[in-house]
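Topology and contacts: notes
Take a look at the letters that make up each chain.
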Amino acid sequence: MNEQQVGDSLPDQEHHEGGFRPMSELINAREERGADITRGGPYYGELIEQVRGLMDRARLASPTDELALDAIGILKQLNDKLDAAVVNEWSTPTWTRFDLPARGNITLPPFMIDHADSSGVDARLTFRNYHLGGNNAAHGGQVAVGFDDLLGMAAAMHAGSITRTASLTVDYRSVTPLNTELKVRAWAERQEGRKVFVRATLHDGDRLCAEAHGLFIVLKPGQA
C-alpha cells in the first residue's frame, strides 16, 4: 500500500471511535512516518502463516486417536506459551500490519490491498482450505466475511470516518474456488448523512463469483 492509502495511526482506549480505528482526522495518508509494521516483530508474519497452515490442515484432517492425543498435547503447550504474549485489542499487531495478508488477522480470508482511497478499494483475496464449504468451493459465510471487511474499508475511506455495518447482502453468482487469487473491488455508491451505501464484486478472472451491497453507518465520537 502506498502513501495515498490507509493510515497508520494507532488506536487506544482513550482515543478511538466505536472501538475500531482512531478518530477520523487520523485516518489519513502515511505521508510522514510510513507504515508502522513493527508490532509483533519480524517473525509475526511467519507465525500467522503457520497458524493459517494449521487451520487448513485441521479443516481436512481425520487423525488417528494417537495423532489426535499427540496434537492436543502439543497445542496445549503452545497455548500456554502464547498466554504470555496475549495483549488487549488496542495493542495487537493486526491494527498496524498492513504488510501482511489481511493485516495478519487470522479471522479474515487473507487478502492484499492493491489500492485504497475515497473512490474505492482493490484487493487480491485467496480462500484457503480452512474456508472450504464443499466441493472445493469457498463457504458462503467466508465470502461474506471478506466482503464485510473490504466494504468497511471502502466506506471508511469514502466517508473519512469510522463506520459500522448496518446491513450486508451477498448474491452468489457462481462457485468461488479455493486456493485461487481472486479480485475484489469495493466502493461507495453514495453517502446520505451518516449512511454510506456500498457495493463490491468478487471475480475469478473474468468470471463473477459473487457481488454484495450494503449499508454502513458513520459512528459518532465514542459510539460503539
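Residues numbered from 1 in each chain as written. Predicted model: local features only at pLDDT ≥ 70, side-chain atom pairs only at ≥ 80, totals over all residues. Heavy atoms only, no water.

1. Things to note about the overall build of the protein chain
Applicable threshold: Runs of H or I in DSSP of at least four residues are treated as helices and runs of E of at least two as strands, each being numbered from the N terminus. Here the term buried applies to any residue with accessible area under 20% of the maximum for its type, exposed to any over 50%, and partly exposed to those in between, with areas from a 1.4 Å probe on protein chains only. The criterion used for residue contact is that any of the two residues' heavy atoms lie within 4.5 Å.
When its secondary structure is counted, the protein chain shows three helices and eight strands. From first element to last, N terminus to C terminus, the protein chain shows the α and β order α-α-β-β-β-β-α-β-β-β-β. The buried share among the 224 residues of the protein chain stands at 40%. Partitioning the contacts of the protein chain with sequence separation of at least 6, the portion at a separation of at least 24 is 67%.

2. Topic: the packing of aromatic side chains
We apply this condition: For Phe, Tyr and Trp, where Trp contributes only its six-membered ring, two rings pair if their centres lie within 6.5 Å, and the inter-plane angle classes them as stacked under 30 degrees, edge-to-face over 60, or tilted in between. Any Lys NZ or Arg CZ found within 6 Å of a ring centre and within 35 degrees of that ring's normal is scored as a charge over the ring.
Going through the model one piece at a time under the given rule, you end up with zero aromatic pairs. If you follow Arg190 out to its NZ or CZ, it ends over the ring of Phe197, 3.9 Å from the centre.

3. As for the pattern of salt bridges
When charged atoms on two side chains of opposite charge get close, those side chains can pair. Let me state the cut-off plainly: The rule for a salt bridge is simple: a side-chain nitrogen of Lys or Arg has to be within 4 Å of a carboxyl oxygen of Asp or Glu.
Scanning the entire structure with this criterion turns up 13 salt bridges. We note a salt bridge from Arg190 to Glu192, for which the minimum N-O separation is 2.9 Å. Taking the relative accessible area as the measure of exposure, Arg190 reaches 38% and is therefore partly exposed. One continuous salt-bridge network, built from bridges that share partners, spans Asp171, Arg173, Glu189, Arg199 and Glu211.

4. Here's the deal with the confidence of the model for the protein chain
Filter applied, for reference: The pLDDT value tells you how sure the predictor is about a given residue, anywhere from 0 up to 100.
Overall, the predicted model of the protein chain reaches an average pLDDT of 87, with 83% of residues at or above 70. Of the regions scoring below 50 in pLDDT, residues 1-11 engages in 42 contacts with residues more than four places distant in sequence or in other chains.

5. Structural notes on unusual backbone geometry
Positive phi values are uncommon outside glycine, yet Arg103 reaches one of about 60 degrees. By the secondary structure assignment, Arg103 is in the loop between helix H2 (65-83) and strand E1 (111-117). Of note, Asn135 is a non-glycine position whose phi angle comes to about 55 degrees, a positive value. Following the sequence through the fold, Asn135 ends up in the loop between strand E3 (132-134) and strand E4 (137-138). In this structure Asn135 comes out as exposed when scored by relative accessible area, which is 77%.

6. Some words on helix H3 (residues 140-159)
Selection criterion: Expected helix span is given by 1.5 Å per residue-to-residue step, counting one fewer step than there are residues.
Taking 1.5 Å per residue, 20 residues should reach 28 Å; H3 reaches 28 Å between its end C-alpha atoms and fits that length. Of all 20 residues that make up H3, 14 are buried, and the element is covered over most of its length. Positive backbone phi, at 65 degrees, marks Gly160, one or two positions downstream of H3.

7. Regarding the side chain of Arg103
What makes Arg103 buried here is its relative accessible area of 11%. Contacts of Arg103, omitting those with residues within four sequence positions, involve Pro93, Thr94, Arg97, Phe98, Leu108, Phe111, Asp149 and Met153.

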